[in-house]
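Chain residues, written in single-letter form:
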Amino acid sequence: MKFFIDTANLAQIKEAHDLGILDGVTTNPSLMAKEGIKGEDAVMQHYLTICELVDGDVSAEVLSTSVDEIIEEGKKLAAIHPNIVVKVPMIKDGVKALKWFSDNGIKTNCTLVFSAGQAILAAKAGANYVSPFIGRIDDSNWDGVELIKQIAQIYKIQGYKTEILSASIRSPLHIVKCAEAGSDVITSPLEPILGLLKHPLTDLGLAKFLEDAKKMRTELATAK
Ligand code: G3P
């Protein structure tokens, strides 16, 4: 399973990259706004900076909602860097645009997916990635991980090549459950990724090993 970080924050992208496990980045208009990135030029420059930091796919979301405008915007985003993946919302014009991008060699990520039916449409339209928002599904009293399992089963049976990119991750357990459910990729904020490191027995065990090693060194020194 590939690990993408879901942020436009350069320090956090760098921290995940330095860990050596980062395969890509996803952003959305809310995440760009959170970093204070405003205006077309600043947005384009920010995507380029991210692409130069990370050697992997970087999703850049279109803001348009009509097919012609999505295509024009997507072409501009794709021209920034070969690793840009155009992120397109799951709406009727988005599906038409996904097909156009697929026919014209531009990589896509179909976003705002909340059902298996939407995931089937995204695959049929040739999206490279489909992004089900599992945290937001949990928020609405459904089970986001169950949707990942269902999509994984459908894609396997049907032989769809679209990769399942589980998004709206809220916890380390979400990441583990997505791996178990057959997700190809997760995109997560930094905190849940770092949360995977944590276990109290690791900390206790390391403290004991270090204490015993110190004793061993002291005993060796006094024996000399
Ligand atoms: O990638 C989609 C993600 O950014 C949405 O996450 O936490 O706003 O539901 P969240």
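Below, the structure is looked at part by part.

Quick notes on the rules
Residues numbered from 1 in each chain as written. Predicted model: local features only at pLDDT ≥ 70, side-chain atom pairs only at ≥ 80, totals over all residues. Heavy atoms only, no water. Helix = DSSP H or I, 4+ residues; strand = E, 2+ residues; numbered from the N terminus. Contact = heavy atoms within 4.5 Å. Near = heavy atom within 4 Å. Polar contact = N/O pair within 3.5 Å; in protein donor to acceptor, adjacent residues only side chain to side chain. Nonpolar A, V, L, I, M, F, W, Y, C, P; charged D, E, K, R; others polar. Patch = residues over 30% accessible without salt bridge, like charges linked within 9 Å, V, L, I, M, F, W, Y side chains within 5 Å. Areas by Shrake-Rupley, 256 points an atom, 1.4 Å probe, with all protein chains shown as cover. Salt bridge = Lys/Arg side-chain N within 4 Å of Asp/Glu carboxyl O. Core = buried A, V, L, I, M, F, W, Y, C linked by side-chain atoms within 4.5 Å. Buried < 20%, exposed > 50% of the residue type's maximum accessible area, 1.4 Å probe, protein only. Pairing = 2+ DSSP bridges. Axes fitted to C-alpha atoms, helices over the stretch in contact; angles between N-to-C directions.

Focus on the environment of D143
Of note, D143 is situated in the loop between α7 (134–139) and α8 (144–158). Other than its neighbours up to four places away in sequence, D143 contacts I137 and D138.

Describing the site of the ligand
Within the structure, the ligand sits among D6, N28, F133, R136, A167, S168 and R170. A distance of 2.7 Å is found between an oxygen atom of the ligand and a side-chain nitrogen or oxygen belonging to R136. Between R170 and the ligand, the recorded distance is 2.8 Å, taken from a side-chain N or O atom to an oxygen atom. The residue inventory of the shell around the ligand, partitioned by class, reads two nonpolar, two polar and three charged.

As for a nonpolar patch on the surface
Side chains of L173, V176 and L196 sit close together on the surface and give an oily, nonpolar patch of about 260 Å² of accessible area. Tracing the chain through its elements places L196 in the loop between α10 (190–195) and α11 (200–223).

A few points about the nonpolar core
Counting 58 residues, the largest nonpolar core has L77, I84 and F101 as the members making the most contacts within it. Of the residues forming this core, the biggest block, six residues, is contributed by α8. Excluding anything up to four places from it in sequence, I84 contacts Y47, C51, V58, A60, L77, A78 and K107. If you look at the next biggest cluster of nonpolar residues, it comprises five residues, including F4, V85, Y129 and L165.

Observations regarding the sheet that holds strand β3 (residues 57–61)
The eight strands are arranged β1-β2-β3-β4-β5-β6-β7-β8 in a closed barrel whose pairing can be described as parallel. Between one strand axis and the next, the sheet turns by 30° as a mean value, whatever way the strands run. Summarising the sheet, strand β4 (residues 84–89) and strand β5 (residues 108–113) pair through four bridges and their orientation is parallel. Bridge pairing in β5 links K87 to N109. The strands touched by helix α3 (residues 40–53) are β2 (24–26), β3 and β4; relative to β3, the strand with the most contacts, the crossing angle is about 165°. Across the face of the sheet, helix α5 (residues 92–103) comes into contact with β4 and β5 while running at roughly 155° to β4.

A short note on the pattern of salt bridges
What the rule picks out here adds up to 13 salt bridges. One salt bridge in this structure joins D18 and K14, with 3.1 Å as the shortest N-O distance. Here D18 and its partner K14 are both found in helix α1 (residues 10–18), four residues apart, which amounts to about one turn of the helix. Notably, a salt bridge pairs K215 with D212, separated by 3.6 Å at the nearest N-O pair. Taken together, the positions of K215 and D212, both in helix α11 and three residues apart, correspond to about one turn of that helix. Given the relative accessible area of 43%, K215 is considered partly exposed. The class for D212 is partly exposed, based on a relative accessible area of 31%. When salt bridges with common partners are traced through the structure, they connect K208, E211, D212 and K215 into a single cluster.

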